[in-house]
Amino acid sequence: MNVYRGTGFVVGALLAVPRLALRTADAALDAVVREVFAAVVRRLEIDDVVARVDVDRVVERVDVDAVVRRVDIDAVVDRIDLVSLVVDVLAEIDVQQIAREAGSGMTRETVEAVRERGIRADRIVDHFADRLLRRTGGARAAAPRPGPVRPV
């Protein structure tokens, strides 16, 4: 007869006890660590912790391209109130003043262009009248010709 025949169960049970004890101790340790950590966090002044953070150093480590790739641009644009933005921008810009300045410059240039064309037209009419009346260049050259008129 084998004396060791019933000992397998006993040995297995004896080996299981330390494993069970370790698992129980591990679970208990996890619970204790969670509670201690929660207690520490409750006592921390978050503002003091954040004040110690070197933001520049943190930002240097951020991959901005990776962050931008994750941004949903359409969602960002949908959140912008474009009408209010345009109204605010137009309130800061004196559109009427800009229009007046642009208009006055264009008006001045247009008036000068019309005057110069009028002078050229007068000269063409004079030349045509001279040819029609068979005037020579000498008779007309003696009369003074008006120069271009410039605004004051």
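Above this text you will find the structure in question.
Summary of the structure given here.

Parameters at a glance
Residues numbered from 1 in each chain as written. Predicted model: local features only at pLDDT ≥ 70, side-chain atom pairs only at ≥ 80, totals over all residues. Heavy atoms only, no water. Helix = DSSP H or I, 4+ residues; strand = E, 2+ residues; numbered from the N terminus. Buried < 20%, exposed > 50% of the residue type's maximum accessible area, 1.4 Å probe, protein only. Areas by Shrake-Rupley, 256 points an atom, 1.4 Å probe, with all protein chains shown as cover. Salt bridge = Lys/Arg side-chain N within 4 Å of Asp/Glu carboxyl O. Expected span 1.5 Å × (residues − 1).

## As for the overall build of the protein chain
- On a plain count of helices and strands, the protein chain comes out with eight helices and zero strands.
- In the protein chain, the succession of helices and strands from N to C terminus is α-α-α-α-α-α-α-α.
- Looking at the protein chain as a whole, 2% of its 152 residues are labelled buried.
- Here the protein chain displays about 14400 Å² of accessible surface, and carbon together with sulfur accounts for 62% of that area.

## Describing the pattern of salt bridges
- Overall, the coordinates contain one salt bridge when judged by the stated rule.
- Residue aspartate 130 is joined to arginine 135 by a salt bridge in which the shortest nitrogen-to-oxygen separation is 3.1 Å.
- You can call aspartate 130 buried: its relative accessible area is 9%.

## A word on helix H7 (residues 95-132)
- For H7, spanning 38 residues, the distance from its first C-alpha to its last is 54 Å, which sits close to the expected 56 Å at 1.5 Å a residue.
- Those residues of H7 that fall on the buried side of the exposure criterion are Gly105, Ile119 and Asp130.
- Looking one or two residues past H7, arginine 134 carries a phi angle of roughly 55°, positive in sign.

## Looking at unusual backbone geometry
- Look at arginine 134: it is not a glycine, yet its phi comes out positive at around 55°.
- Tracing the chain through its elements places arginine 134 in the loop between H7 and helix H8 (137-142).

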